[in-house]
Amino acid sequence: MRLGLVIDIDTCVGCHACATACKQWNTSGTTGPLTDYRPYGENPSGVWFNRIRHYEIGDYPNNKTINFPMSCMHCEDADCVTVCPTGASYKRAEDGVVLVDQTKCMGCNYCSWACPYGARELDRESGTMKKCTLCIDRIYDEELEEIDRQPACVITCPAHARYFGDFDDPNSEVSKLVRERAGMQLMPELGYNPTNRYLPPRLTTPIPTDDVRKTDLISSVKQWVNKAIAR
Amino acid sequence: MSALPEFENHKKQEIHYSTCYMCACRCGIKVTVEDNKVRFIQGNRNHPINKGVLCAKGNSGIMKQQSPAKLPGPMRRKPGTERGAGEFEPISWDEALDTLTKRLEHIRATDPKKLAFFTGRDQMQALTGMWATQFGTINWAAHGGFCSVNMAAGGLYTMGHAFWEFGDPDWDRTKYFMMWGVAEDHASNPIKIGLEKLKRRGAKFVGVNPVRTGYQAIADEWVGVRPGTDAMLALSFVHVLLKNDQFDWEFLIRYTNSPWLVVNTPGQKGDGLFYRDENGKPMAWDMDKDAAVDATQPEIKPALFGEYTAPDGTPVKTAMTIMAEKYLDEQYSPENASKVTGVPAETIERLALEMAHVAFKETITVDVEWTDVHGRKHDKFVGRPVSMHAMRGISAHSNGFQACRAIHMVQILLGSVDVPGGHLAKPPYPKHIPPAIKPAKEMSPNTPLKSPPLGFPKAPEDLVIDADGNPLRIDKAYSWDAPMANHGLMHMVITNAVKGDPYPIDTLIFFMANMSWNSTMNTKEIQDMLRAKDESGEYKIPFLVVADAFHSEMVNFADLVIPDTTYLERYDTISMLDRPISEPDTAADSIRQPILKPEGDVRPWQEVLVELASRLKFPAFTREDGSRKFADYKDFIVNFEKEPGIGFLSGWRLDENGNEVHLRGKPNPKQWERYQENQAFFAYHLPENTRYYRFANKDYLELAKHAGWVGSTDPIIMELYSETLQKFRLAGMGLYDGPMPTQEHHKQRLRDYFTPLPEQYKPLEQSRINEDEYPFHAVNQRPMFMYHSWDSQNVWLRQIMSQNFLYMNRQQAAEMGIADKSWVWVESHNGKIRVQVKLMEGVEPNTVWTWNAIGKQSGAWGLKKGANESTKGFLMNHLISELLPKKGDANDNVTNSDPVTGQAAWYDLRVKITPAAPGEEGSWPTFDTIKPLPGMKESPDVLRYHAHEPVRLVRDMKDVLTRGEKWRKD
């Protein structure tokens, strides 16, 4: 199994629901709590597993706004795991989920330097690195209804822009979406072979107008001939 | 697979269903609780609104519950201290309620209008409005007057429903969707769910907005319209549709007033009103009979176009003729509209024709048999799959009512209202035009009003004015200043009360409204007004009561603080009598229920209102023997009937035999339990033959009458041409048989803005300032993760944004030498502010904008001194006056609002921008730090929220030693 996420850039409206759902679940999750620093003070910050970036491309008036959620890509060749001196960082053989064993992590930050996606965050209170667990504490919990055995970010997404599944299964929804919509890896050239994929914006087809455009335009009310339509 | 530990102790957890209140969307939530702590809040998959999803706010409910700004208990301003100084002392509930009861008893027994009761972002207007009616004061409204009354009024006076809570696009069928002036909206999750459906089907999404934020990000086409010119854009669409003969003849003839005959006697009494028969029926010209006939009869063949002479010699024209003559004019051509709107002419023409193509060449049908109001069977619903949604960007202009009507005109011409693929009403809508409630005007001591304080005027006779034409309401709603102010003018209450114009009041109650900060115009001066005293040293507003759950800037000005609970701590109803949670094919309402025990000595405001109503012996709350009728809010909700069989909740009522029935029935003592058993909501799925054409659908209208949603089964005839507006206009021209204004500026406003067909007119602020001196439009929006998220200053959400910037077009700023992140002065006719700039591409060059309500007063909301919200964040409100810009004329004292509806004209603002001097940094103006309240928790420096101790997942030592070779391929 190779578990991961597909994120649809065509429908992501940048609402941050996935980010706060993640925060909410995981602050009481297996690597929680996720500390908030200066929660009511200047420059508040905290530990998040999922952050949404907003970009503009093109110059006015040909500009477009892109909302771009980023979390751990659960890379096939995860350097964050390779560089870990304590063995706290690991990639699960069963499902490819990259995790940090909170009992072994010493907070050295090597993994965060190795990760090009900014997916790892140091919790300064616990002194450990934390990151997306793909909600490992939800996805195998048989006490939950089957539909709820998905990451919190996926079940909450109002724009249906997030999908969870097994990329090793060619018939999974995520595999199909990647095939059908040319799902992309982020920065594949770096060679980490990230599992998560992004679906690019769909192309739109022009709407014809010739069939509703009149050659001799109406210029006066008198040109209309009443139609006999019963009320 | 290696065994995983048991991460969650489900046995310790309880699951409760309720309704979210992090904004006004009212999503269903499933809350998992452990030891009176929230483990997780998720969307309820069965809920009609959100279908399982939840937004950023809903997911942050835990942090609302954690807020240190929660009010600890009842308080009063410390005797001897000044109002606004922030010195409070705790009092008991008995003292708080006794104080209030005594004061209100006296007012009610002497002069009930001396109580003004205005509510903010609450969703209990059915209760608060009824409370005010029973008290006997007309001085009640919620916040609609400064929110979006233009959308409600524009829709209700045109098509019997509206955007937002009264209607939705047919997300499952629409092929073309145009969104006007919306970054985010009340229907936050439904819109997101809907947009994804559109995208999946390949429907086109066009975003009309000066700023490319929010939903515009995923629009297939962005139309960067200039603020305040949307009516022109819509009317130019009308022009193109007419020029190309692209409109739905049958729809117009059958369901609108466009074939009705209009009296054509310019300059005479009665001009522009419908020509009516002796029974008052409007008339149409029947083509078979070649004569005027009752226009409401079926099977007539009305001429859509034509000028005729009625038998009595009156010259008449069809309404459609007047409309076509008007909008065929070159004034509305794409070329001319382009000059006003900034949208290229070819874009305007193309968009109009694209909509015509989708409406008429891609028509859809739903093959369900239905019966129209005249008893005729139809084998299908014909659908024009073009839909629209509009909101604050249209409504918050002084020409927003007419702009909204112009948008509805496009929809109606396309035949796309309440048809498959079009814009659909949500029960209890549609209603007859306008809804048959007239605003109350008469008051007497210890007597309920005869009708609710708010209603829908149909003519000048319905205004709430005295014999001399002066306003009777404190906010001057339904006066000549704002004749169709259906939601009141909450933004005028403080100013008017302090001026004693039209009269002074005694007690002002605000519930859940931040009227000394982000919800008022002219914030700094309004704060001064709240402190203002008369010659005798008495406060001009003698007694100020604030009910809220959190320590807001408004609480700081209270004389008496009534502490409310959070949404997870109380019973509540989202009622069919108010703005329910219905979807187009589902009539639905819902409840909230207590999930957590409150920490403080707080009570739900609903309970307080029921308690006060009982103490004050309101007739509806008192038995004949004088004893109290309802034990508490729950008891009231179950047993109160507005009319026989109709109460606050429509599910699980009782028939004559005691069986449970829905929509109408006797009170059921088990009703709350039924809602609790059914995940806190009730949903009635409309039969398939009642889901479209409801304005003329026999079975639907009969159902709606049974359920109390409409008063009659007569068809709802859409008003492209508004006779109501024309009556007011005639009053302004001195040609009306009834009340007419005496002052010239009132006459001018009626003549110019109450046109029976929508017009583009210049927003009022722009017409009273030097536009060259203030070259920029300045507007604001709310980010998705804070839209209507009005309280608690949420820890997680403020990490996403704790400072707002002034956003400018990059090329425009470069020409002015303004750099990214630099500080500038922004000045309007009303004042100036210092703010930090951010440059972007997605804003049309004549517009600057910011995120609203990010700026906070230092010390409020549990924020620490130095919080970004108060040092760098800012409010644009300082620049906006609640009165029109001064010009030395009678309009100087008139509200800065839409002249038709009184909707606050927030987005009419014009500004100039100049770079700040080196060293001038930080937002300005600054305010004193608000003192903490006695008993408030200290705001923590570090927060580590968790519902339980984490169950760690430990990596197997063997896996460590083999360096995880199991997964390594190399």
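Rules of the game
- All chains use their own residue numbering, which begins from 1 and follows the written sequence.
- Each chain takes a letter, starting from A, and each ligand takes a number, starting from 1, following the order in which they are written.
- Per-residue local features of the predicted model are confined to residues with pLDDT of at least 70, and side-chain atom pairs are confined, for both listing and counting, to 80 or more; whole-chain, interface and lining totals are unaffected and use all residues.
- Strands here mean DSSP runs of E at least two residues long; helices mean DSSP runs of H or I at least four residues long; both are numbered from the N terminus.
- This radius of gyration counts C-alpha atoms alone. The globule rule is 2.2 Å times how many residues there are, raised to the power 0.38.
- Any residue with 12 or fewer other C-beta atoms within 10 Å of its own C-beta is exposed, any with 20 or more is buried, and the rest are partly exposed; the C-beta atoms used are placed from the backbone.
- By the convention adopted here, residues make contact when the C-beta atoms placed from their backbones lie within 7 Å.
- In these notes, a nonpolar core means any group of buried Ala, Val, Leu, Ile, Met, Phe, Trp, Tyr and Cys residues linked to one another through C-beta atoms within 7 Å.
- Between any two strands, pairing holds if DSSP finds at least two bridges.
- For helices, the fitted line uses only the C-alpha atoms of the stretch in contact; every axis is such a line through C-alpha atoms, and the angle between N-to-C directions lies from 0 to 180 degrees.
- Domain ranges listed in this record stem from an automatic or a database domain assignment.
- Amino acids outside the nonpolar list (Ala, Val, Leu, Ile, Met, Phe, Trp, Tyr, Cys, Pro) and the charged list (Asp, Glu, Lys, Arg) are all regarded as polar, and Gly is one of them.
- Each residue gets a pLDDT score, which is the predictor's confidence in that residue and runs from 0 to 100.
- Comment on the angle field: the value is read as roughly parallel under 35 degrees, roughly antiparallel over 145, roughly perpendicular from 65 to 115, and oblique elsewhere.
- By the definition used in this description, the sense in which the near helix is turned from the far one sets the handedness, with an anticlockwise turn below a right angle giving left-handed and a clockwise turn giving right-handed.

Colleague: What should I look at first to understand the overall build of chain B in this one?
Modeller: What chain B contains, in helices and strands, is 25 helices and 37 strands. A compact globule built from 970 residues should have a C-alpha radius of gyration of about 30 Å, and chain B, at 28 Å, falls within 12% of that. C-alpha atoms of chain B, sized along the principal axes, occupy 90 × 85 × 80 Å. A buried classification covers 62% of the 970 residues belonging to chain B. Here the analysis covers contacts within chain B between residues at least 6 apart in sequence; of these, 69% occur between residues at least 24 apart.

Colleague: Sorry if this is basic, but what is going on with the nonpolar core here?
Modeller: The nonpolar side chains of a soluble globular protein tend to be buried with one another. The biggest cluster of nonpolar side chains holds 374 residues, and the ones touching the most others in it are B:Ala234, B:Val238 and B:Leu261. Leaving out residues up to four positions away in the same chain, B:Leu261 has contacts with B:Phe274, B:Tyr275, B:Met283, B:Ala284, B:Trp285, B:Ala292, B:Tyr308, B:Val316 and B:Thr318.

Colleague: How should the sheet that holds strand β30 (residues 681-685) of chain B be read in this particular structure?
Modeller: Consider a sheet: its strands pair through backbone hydrogen bonds, and that pairing is either parallel or antiparallel. Residues and elements named next belong to chain B. Pairing in this open sheet of three strands is antiparallel, and the strands run β26-β27-β30 from one edge to the other. Unpaired on one side and paired on the other, β26 (572-574) and β30 mark the two borders of the sheet. If you compare each strand with its neighbour and ignore which way they point, the axes differ by 10° on average. In this structure, β26 lies alongside strand β27 (residues 586-592), joined through three bridges in antiparallel fashion. Within the sheet, the bridge partner assigned to Thr573 lies in β27 and is Ile591.

Colleague: It is not clear to me how the environment of A:Leu199 should be interpreted in this structure. Could you clarify?
Modeller: Residues and elements named next belong to chain A. Following the sequence through the fold, Leu199 ends up in strand β11 (residues 197-199). Judged by the 21 C-beta atoms lying within 10 Å of it, Leu199 is buried. In sequence terms Leu199 and Asp36 are 163 residues apart; their C-alpha atoms lie 32 Å from each other. Not counting residues within four places of it along the chain, the set of residues in contact with Leu199 comprises Val6, Asp8, Ile9, Asp10, Leu177, Arg181 and Gly183.

Colleague: Just to check I follow, could you spell out the domain arrangement of chain B for this structure?
Modeller: One widely used convention gives an interface's size as the accessible area the parts lose upon coming together. Residue and element names in this part refer to chain B. Domains assigned within chain B are domain 1 (1-54 + 940-970), domain 2 (75-150 + 438-561), domain 3 (161-430 + 718-722), domain 4 (569-706) and domain 5 (764-915). Centre-to-centre separation of domain 3 and domain 5, based on C-alpha positions: 33 Å. At the interface, 21 residues of domain 3 touch 26 residues of domain 5. Broken down by class, the residue content of the side of domain 3 that touches domain 5 amounts to six nonpolar, 12 polar and three charged.

Colleague: What's the story with the interface of chain A and chain B in this structure? I'm lost.
Modeller: Taken together, the contact between chain A and chain B spans 84 residues of the former and 105 residues of the latter. Going through the elements one at a time, α1 (17-27), β2 (36-37), β3 (45-46), β5 (64-70), β6 (89-91), α4 (136-139) and α5 (152-156) of chain A are the ones with two or more residues in the side of chain A that touches chain B. Considering every element that reaches the side of chain A that touches chain B, the biggest residue donor is α1(A), with eight residues. The residue makeup of the side of chain A that touches chain B, split by class, is 33 nonpolar, 30 polar and 21 charged. Note: β2(A) against strand β37 (residues 942-943) of chain B, two bridges, orientation antiparallel. Across the sheet, residue A:Tyr37 finds its bridge partner in β37(B), namely B:Val942.

Colleague: Which parts of the structure should I look at to understand the confidence of the model for chain B?
Modeller: The predicted coordinates ought not to be read in detail in places where the model reports low pLDDT. Averaged over every residue, the pLDDT of chain B is 97; residues scoring 70 or more account for 99%. If you check the scores for this complex, the pTM reads 0.98 and the ipTM reads 0.98.

Colleague: Explanation requested: unusual backbone geometry in the structure shown.
Modeller: Residue A:Pro61 is bonded to the preceding A:Tyr60 through a cis peptide linkage, with omega at 0°. By the element assignment, A:Pro61 lies in the loop between β4 (51-57) and β5. Here the amide bond leading from B:Ile433 into B:Pro434 is cis, since omega sits at -20°, within 30 degrees of zero. Relative to the assigned elements, B:Pro434 resides in the loop between β22 (423-425) and α13 (493-499). Of note in the backbone geometry, B:Asp418 takes a positive phi value of approximately 55° without being a glycine. Within the element layout of this structure, B:Asp418 appears in the loop between α12 (400-413) and β22. One non-glycine residue, B:Lys617, adopts positive backbone phi at about 60°.

Colleague: Teacher, can you tell me more about the packing of helix α3 (residues 125-135) of chain B against helix α15 (residues 605-615) of chain B here?
Modeller: How two helices sit against one another is set out by the angle between their axes and by the gap between those axes. Residue and element names in this part refer to chain B. Between α3 and α15, the shortest axis-to-axis distance is 11 Å and the interhelical angle comes to 15°. As summarised for this structure, α3 and α15 are arranged roughly parallel, according to the angle between their axes. Crossing angle aside, the handedness with which α3 passes α15 is left-handed. Taken together, the residues of α15 that come into contact with α3 (itself represented by Leu127, Thr128, Trp131 and Gln134) are Gln606, Leu609 and Ala613.

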